[in-house]
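Structural overview for review
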Amino acid sequence: MKIILFENRYRDDLIFMILEAKNALGRVPRLNEDLLDIQKNYIDKGGKFWIAIDDDDRVIGSVGVKPIENSNECYIHRLFVKCNIKHKGIGTKLLNTAEEYAKNHGKTAIVVHLGMPKEQWFESWQFYPKNGYVENENSIMKKVL
């Protein structure tokens, strides 16, 4: 497994992986519009987007970062890991990549919006606190870098 910056040739595989991950969690999979144009929605807005790929060059994870305007903070978006290979450290490696990028670009905190109800997004509500995030306000977690 390796983590690389997103390349457009992986777009469809990325979208499929995320839809499959949502389905495995019992949610109705829907397409997030930002995934249709990573360049416009992340890179052009001063952010980055990474994917984890396996030895067969298939997308097995993702994470995006976008700066919050007029602040020293940024958002984490679309942190997903392929449903059948979770709990192998891939999500943590993706999160660490995003956090290092943020630190190296002068950001002092990262914010993530988690879904509600908590029972439906239980993995996120367990994952982020284990990685130093604390609930800042209703369904928002934050980590000071």
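A few points on the structure. Since the structure is predicted, the reported quantities are computational estimates derived from the model, not experimental observations. (Residues numbered from 1 in each chain as written. Predicted model: local features only at pLDDT ≥ 70, side-chain atom pairs only at ≥ 80, totals over all residues. Heavy atoms only, no water.)

Let's shift gears to the packing of aromatic side chains. Overall, the coordinates contain 5 aromatic pairs when judged by the stated rule. Ring centres of F6 and F49 lie 5.9 Å apart, and the angle between their planes is 80 degrees; this geometry places the pair in the edge-to-face category. Placement of the pair is F6 in the loop between β1 (2–5) and α1 (11–24) and F49 in strand β2 (residues 48–53), with a sequence separation of 43 residues. Measuring from ring centre to ring centre gives 5.2 Å for F127 and Y128, while their planes differ by 80 degrees; the resulting arrangement is edge-to-face. Of the residues examined, Y128 reaches a relative accessible area of 5% and is grouped as buried. Through a chain of ring-to-ring contacts, the aromatic side chains of F6, Y42 and F49 assemble into a single cluster. When the ring centre of Y42 is taken as origin, the NZ or CZ atom of K66, which lies over that ring, is 5.0 Å away. (Phe/Tyr/Trp six-rings, centres within 6.5 Å; stacked < 30°, edge-to-face > 60°. Helix = DSSP H or I, 4+ residues; strand = E, 2+ residues; numbered from the N terminus. Buried < 20%, exposed > 50% of the residue type's maximum accessible area, 1.4 Å probe, protein only. Lys NZ or Arg CZ within 6 Å of the ring centre and 35° of its normal.)

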